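Architecture at a glance
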Amino acid sequence: MKKISLVLIAMLLPCLTGNTQNKREPTRIAMLPFEDILGNGNTNTLAFTQLMLSRLSREETLVARLAKPQKPGLMDRETAIELGRKQNASLLLAGRIIDASTNQGSTGLPIPTLGRVNSQSVTAKVVAELEVISVATGKTLQVIRAEGKKTVRSNQTWVNSRLGGINLGGNPANASPMGQAMNECAETLVKRLGERSIEKN
């Protein structure tokens with residue numbers, strides 16, 4: 001019985017060793033806080049940075065941490081790369097939000113003798129750019145750009161009466177279009193970054 005066990009162990013050992021060797025180590029990433037196109041931080045950039053970190057944490061092939069500078073404001077490239085080295089990262093991400101805007105619109109459909117149905121819409125658009133930098137060489141490997149766009153509509157019904165217009169209510173906008181546009185943009189950036197990481201390995 002002991003001989004059979006030893007034979008089985010000898011047969012399984014190479015397979016177990018092979019699985020360990022074939023398992024890829026996740027790519028370690030240091031990500032700088034996002035800035036707007038002018039190099040400043042604001043509410044949108046802070047929210048997008050947190051969203052990106054949340055998205056990156058779900059990827060099995062990536063391990064990301066925020067490389068937060070000690071002092072606020074513009075940071076030179078070498079200082080940023082040094083932050084990546086301190087985190088033992090192989091890639092440094094420097095992101096910029098190029099556009100984060102909302103547009104409102106309103107249309108109405110008249111109903112004879114009753115009133116009209118008004119439809120209001122809010123469209124949010126987010127465009128972000130991600131520079132992928134090698135911590136080892138300090139060179140830019142790739143620049144990834146993505147866009148997120150979302151329109152949210154709400155309908156309100158108004159009825160004409162002798163007392164004037166009466167709002168009967170309707171379907172309000174129950175979600176933030178800017179939040180959804182940011183989410184779509186971040187998802188696309190992380191997907192493209194993950195594809196690059198797989199190619200690299």
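These numbers come from a predicted model, not from an experiment.

**Notes on the overall build of the protein**
When helices and strands are counted, the protein shows four helices and seven strands. Mapped in sequence order, the helices and strands of the protein form the string α-β-β-α-β-α-β-β-β-β-α. A burial count over the protein gives 31% of its 201 residues as buried. Contacts spanning at least 24 positions in sequence make up 68% of the contacts within the protein whose residues lie at least 6 apart.

**Overview of the nonpolar core**
Membership of the largest hydrophobic core comes to 25 residues, with the highest contact counts inside it found for Phe34, Phe48, Met52, Leu93, Leu130, Leu189 and Leu193. With eight residues, the top contributor of residues to this core is helix α4 (residues 177-200). Among residues more than four places away in sequence, those in contact with Met52 are Met31, Phe34, Leu130, Ala186, Leu189 and Val190. By size, the runner-up hydrophobic cluster in this structure holds eleven residues, among which are Ala30, Ala67, Ala89 and Leu92.

**Overview of helix α3 (residues 77-86)**
Every buried residue belonging to α3 is among Ala80, Ile81, Leu83 and Gly84, and all of these are buried. Along α3, the residues classed as buried sweep out an arc of 150° about the axis, all on the same side. Capping the start of α3, Asp76 holds a side-chain oxygen 3.2 Å from the backbone nitrogen of Glu78, two or three residues further along. A positive phi of about 60° marks Asn88, the residue just after α3.

**Quick look at unusual backbone geometry**
Unusually for a residue other than glycine, Asn88 sits at a positive phi of about 60°. Within the secondary structure layout, Asn88 lies in the loop between α3 and β4 (91-111).

**Focus: the confidence of the model for the protein**
Of all residues in the protein, 67% attain a pLDDT of 70 or more, and the chain-wide mean is 78. Overall, residues 6-13 carries pLDDT values under 50, and its contacts beyond four positions in sequence, including any with other chains, amount to zero contacts. Long-range and interchain partners of residues 15-22, a stretch whose pLDDT sits below 50, account for zero contacts in this model, where long-range means more than four residues apart.

**A look at the environment of Ser121**
In this fold, Ser121 is placed in strand β5 (residues 115-134). A sequence separation of 31 residues divides Ser121 from Val152, and the C-alpha atoms of the two residues are 5.6 Å apart. Those residues in contact with Ser121, other than ones at most four positions away along the chain, are Asn103, Gln104, Gly105, Thr151, Val152 and Arg153.

**Observations regarding the packing of aromatic side chains**
Two aromatic rings are characterised by how far apart their centres lie and by the angle between their planes. Here the structure, examined in full by the defined rule, presents one aromatic pair. Between the aromatic rings of Phe34 and Phe48, the centroid separation amounts to 4.9 Å while the plane-to-plane angle is 75°, which identifies the pairing as edge-to-face. Taken as a pair, Phe34 in the loop between β1 (27-31) and β2 (35-36) and Phe48 in helix α2 (residues 43-56) lie far apart in primary sequence, 14 residues in all. Phe34 sits in the buried class, given a relative accessible area of 2%.

Quick notes on the rules
- Residues numbered from 1 in each chain as written.
- Predicted model: local features only at pLDDT ≥ 70, side-chain atom pairs only at ≥ 80, totals over all residues.
- Heavy atoms only, no water.
- Helix = DSSP H or I, 4+ residues; strand = E, 2+ residues; numbered from the N terminus.
- Buried < 20%, exposed > 50% of the residue type's maximum accessible area, 1.4 Å probe, protein only.
- Contact = heavy atoms within 4.5 Å.
- Core = buried A, V, L, I, M, F, W, Y, C linked by side-chain atoms within 4.5 Å.
- Arc of directions from axis to C-beta.
- Polar contact = N/O pair within 3.5 Å; in protein donor to acceptor, adjacent residues only side chain to side chain.
- pLDDT = per-residue confidence, 0-100.
- Phe/Tyr/Trp six-rings, centres within 6.5 Å; stacked < 30°, edge-to-face > 60°.

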